[in-house]
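Fold and geometry: a report
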Amino acid sequence: MSPLVRKPEEKYKLPTKYWLLILSAISVILMLVTFVFDIPLKPLNEVVSVTVVPLQKGISIVGENLYSKKELFKQVNELVDQNNKLMEQVNELTIQNNKLLQDTIELNSLLKLYELDQTYSDYPKTGARVISGSTGNWFSTFIIDKGSNDGLQVGMNVLAGGGLVGRITEVGANWSRVLSIIDDTSNVSCMVLTTNDHLIVSGSLANMENGYIVFNQLSENAKNVEVGDKIVTSNISDVYLPGIPVGNISYMEKDSNHLSVSGYITPSVNFDHISEVLVITKLKTELE
Amino acid sequence: MKRFIIDFILIILFFVIQTTLFPMLKFTRIIPNILIILVSCSGFMQGEREGMFVGFACGFLLDICSFDVFGFYSILYMLIGFLNGLLHNFFYLKDLKIPAIMILSSDAACCLLTYFFLFLMRSRFDFVYYLVNIILPEVVFTLLISVIVYPVLWFIEAYIFKKKNAESS
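Things to note about the overall build of chain B
- Each helix and strand counted, chain B has six helices and zero strands in total.
- The C-alpha extent of chain B, read off along each of the three principal axes, is 60 × 30 × 30 Å.

Thoughts on the overall build of chain A
- Looking only at helices and strands, chain A has four helices and 12 strands in total.
- On C-alpha atoms alone, chain A measures out to a radius of gyration of 26 Å, which is more than a quarter above the 19 Å that the 2.2 N^0.38 rule sets for 288 residues.
- Considering only C-alpha atoms, chain A reaches an extent of 105 × 55 × 35 Å along its principal axes.
- Every one of the 288 residues in chain A was classed for burial, and the buried ones make up 30%.
- Look at the contacts in chain A between residues 6 or more apart in sequence, and 57% of them connect residues 24 or more apart.

As for the confidence of the model for chain B
All names here are of chain B.
- For chain B, mean pLDDT is 83; residues scoring 70 or higher make up 91% of the total.
- For chain B, helix α6 (residues 127-168) is the element with the lowest average pLDDT, namely 79, and helix α4 (residues 72-86) is the one with the highest, namely 90.
- Taken as a whole, residues 165-169 scores under 50 in pLDDT and shows zero contacts with residues more than four places along the chain or in a different chain.

Thoughts on the sheet that holds strand β8 (residues 213-219) of chain A
- One closed barrel accounts for six strands, arranged β6-β7-β8-β11-β10-β9 (chain A); its pairing is antiparallel. Pairwise comparison of adjacent strand axes, ignoring direction, gives a mean angle of 40 degrees for this sheet.

Describing the interface of chain A and chain B
- On the chain B side, the residues contacting the 38 residues of chain A number 39 residues.
- Only α1 (16-35), α2 (42-114), β1 (125-132) and β2 (141-144) of chain A provide two or more residues apiece to the side of chain A that touches chain B.
- Residues of the side of chain A that touches chain B, tallied by class, amount to 19 nonpolar, 17 polar and two charged.

Some words on the packing of helix α1 (residues 2-25) of chain B against helix α3 (residues 48-66) of chain B
All names here are of chain B.
- At their nearest, the axes of α1 and α3 sit 10 Å apart, and the two run at 35 degrees to each other. Two packed elements cross with a definite hand, and for α1 against α3 that hand is right-handed. Within the contact between the two elements, α1 uses Asp-7, Ile-11, Phe-15 and Thr-19 and α3 uses Val-54, Ala-57, Cys-58, Leu-61 and Cys-65.
- The residue makeup of the contact of α1 with α3, split by class, is seven nonpolar, one polar and one charged.

With respect to unusual backbone geometry
- For Gln-217 of chain A, which is not glycine, the phi torsion reads 65 degrees and is therefore positive.
- One can find Gln-217 of chain A in strand β8.

A look at the sheet that holds strand β5 (residues 176-180) of chain A
Residue and element names in this part refer to chain A.
- Read around the closed barrel, the six strands follow the order β1-β2-β5-β4-β3-β12; overall the barrel is antiparallel. Looking at each pair of strands side by side, their axes are set apart by 45 degrees on average, direction ignored.
- Inspection of the sheet shows β2 paired to β5 by four bridges, in the antiparallel sense. Paired with Ile-144 across the strands is Ser-176, a residue of β5.

Notes on the nonpolar core
- In terms of nonpolar packing, the biggest core is built from 92 residues, with Val-201 and Val-246 of chain A together with Leu-38, Cys-58 and Leu-61 of chain B touching the most fellow members.
- Considering every element that reaches this core, the biggest residue donor is α3 of chain B, with 11 residues.

Remarks on the pairing of strand β7 (residues 198-202) of chain A
Residues and elements named next belong to chain A.
- Note: strand β6 (residues 187-192) against β7, five bridges, orientation antiparallel. In the strand pairing of β7, Ser-189 is matched with Ile-200.
- The turn joining β6 and β7, which pair antiparallel and follow one another in sequence, is formed by five residues; a positive phi near 60 degrees is taken by Asn-196.
- Two elements, β7 and β8, share three bridges in a ladder whose sense is antiparallel. Bridging across to β8, Ser-202 finds its partner in Val-214.

A closer look at the packing of α4 of chain B against helix α5 (residues 97-119) of chain B
All names here are of chain B.
- Contact pair α4 / α5: the axes reach a minimum separation of 11 Å and the direction vectors enclose 150 degrees. Classified by the angle their axes make, α4 and α5 are roughly antiparallel. The way α4 lies across α5 gives a crossing that is right-handed. For the pair α4 and α5, contact is made by Phe-72, Leu-76, Ile-80 and Asn-84 and by Met-102, Ser-106, Ala-109, Cys-110, Leu-113 and Phe-117, respectively.
- Tallied by class, the residues present in the contact of α4 with α5 amount to eight nonpolar, two polar and no charged.

Brief notes about the environment of Leu-259 of chain A
All names here are of chain A.
- With respect to the secondary-structure elements, Leu-259 resides in the loop between β10 (245-254) and β11 (260-267).
- Given 11 C-beta atoms within 10 Å, Leu-259 falls into the exposed group.
- Between the alpha carbons of Leu-259 and Thr-104 there is a distance of 40 Å; along the sequence they are 155 residues apart.

Thoughts on α5 of chain B
- Look at α5 of chain B: 32 Å from first C-alpha to last across 23 residues, which is about the 33 Å you get at 1.5 Å a residue.
- All of the buried residues in α5 of chain B are Pro-99, Met-102, Ile-103, Ser-106, Asp-107, Cys-110, Cys-111, Thr-114 and Phe-119 of chain B.

Some points on the pairing of β10 of chain A
Residues and elements named next belong to chain A.
- Across three bridges, the pairing between strand β9 (residues 230-233) and β10 is antiparallel. The residue bridging Val-232 from the neighbouring strand is Pro-245, located in β10.
- Hairpin connection between β10 and β11: a loop of five residues separates the two successive antiparallel strands, and His-258 in this loop has a positive phi of roughly 55 degrees.

A word on α1 of chain B
Residues and elements named next belong to chain B.
- Here α1 contains 24 residues, and its C-alpha end-to-end distance of 32 Å stays within 8% of the 34 Å for a straight helix at 1.5 Å per residue.
- The largest bend in α1 comes to about 35 degrees, at Ile-17.
- Turning to α1, its buried residues number three or more, namely Ile-11, Phe-14, Phe-15, Val-16, Gln-18, Thr-19 and Thr-20.

Reading guide: rules and limits
Residues numbered from 1 in each chain as written. Chains lettered and ligands numbered in written order. Predicted model: local features only at pLDDT ≥ 70, side-chain atom pairs only at ≥ 80, totals over all residues. Helix = DSSP H or I, 4+ residues; strand = E, 2+ residues; numbered from the N terminus. Rg over C-alpha atoms; globule rule 2.2 N^0.38 Å. Buried ≥ 20, exposed ≤ 12 C-beta atoms within 10 Å, placed from the backbone. Contact = placed C-beta atoms within 7 Å. pLDDT = per-residue confidence, 0-100. Pairing = 2+ DSSP bridges. Axes fitted to C-alpha atoms, helices over the stretch in contact; angles between N-to-C directions. Nonpolar A, V, L, I, M, F, W, Y, C, P; charged D, E, K, R; others polar. Left-handed = near helix turned anticlockwise from the far one by under 90°. Core = buried A, V, L, I, M, F, W, Y, C linked by C-beta atoms within 7 Å. Parallel < 35°, antiparallel > 145°, perpendicular 65-115°, else oblique. Expected span 1.5 Å × (residues − 1). Bend = angle between axes of the 7 residues up to and from the residue.

Structure, rendered in structure tokens:
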């Protein structure tokens, strides 16, 4: 070997400490931009649309199919028994139903008289599949498989099983992030259905394990509110559409300041088993 | 280049497993933090540079998918990857104690800082509750899962490592 053989020149690499500084600076700037100025970061969201979301969609579809197959085998015997029982029930219920139908017709005509016929069932809705759970144990957010391509926007309300699940906080092309009402940072302005007293429902990580969410700021003067009363979203909330069921009061107690009442609510949605949700494609701001 | 591609695939794979597979399996309410295993391992297996980049990428994905303050997880995971990388010199493929300690302390640090900045700052003072019900189960579960995950990462590392030696000689 001649001594003149040169080593191949190494490519220049920026030293690690500079990279550390640059990336830290980027993070801090992003934090400031999103936290202080509250500017949404649309282009960054598309990173997830391309990389992660297609995989998540695939896995959740496969997983659901496997799960439902397994359940199917388990349940065939139970179903036969159930079928017999249900047939008896159908007969009873048909009679009841006829009676209720008559009541509904009467109710509708009365509601029309009062012009109160707009309930949450009239809002335009679209179904979506939950493709990813929360990323850790601290927050209760999840990702659904529809996004701005399907007309979803930030602030739209999300329902499941007839109750409020949360609202959309971030939208990408083919995904959206939903902040559920049991999340520790979530606050919903609600009211008691029977008395129209307003209260604030907040998610709480500490009470989530017992299946409760917390309410507070119910006025002490609201004497007629009782345990078991139904809570719906209030008409003064600026993101949630009015009249969506949230849950029932399961415990209440007077605050130490003797001005307000707080307590627990059992949500009407089972947050452990959400796989499909309904998104109301109408914003509160469009309603007025 | 090969390292970049493998890291990229691992990050996406681990992220999808953590966000989609674990919530679907529903062993418990607690989800193990396997991204921290990846960040911590790439830190002390490959050095602070790789650890920093992998950490930043993982944190970036978490930021998009989880919380409104964008950049918190990016900076946290990047620092964890970087600090793990400083111990790169103590890394021997056959030693298992140091990786276990590193993963444990990384996850604990991640949990504690998350509690401190995102919960304590919103006046959630009941630290003991969060410690017993969330931080400890998560750390233990993560350590258990790392028994499965670590050999996989170890295998990939040993494989690439060998290849590199072969190419340069």
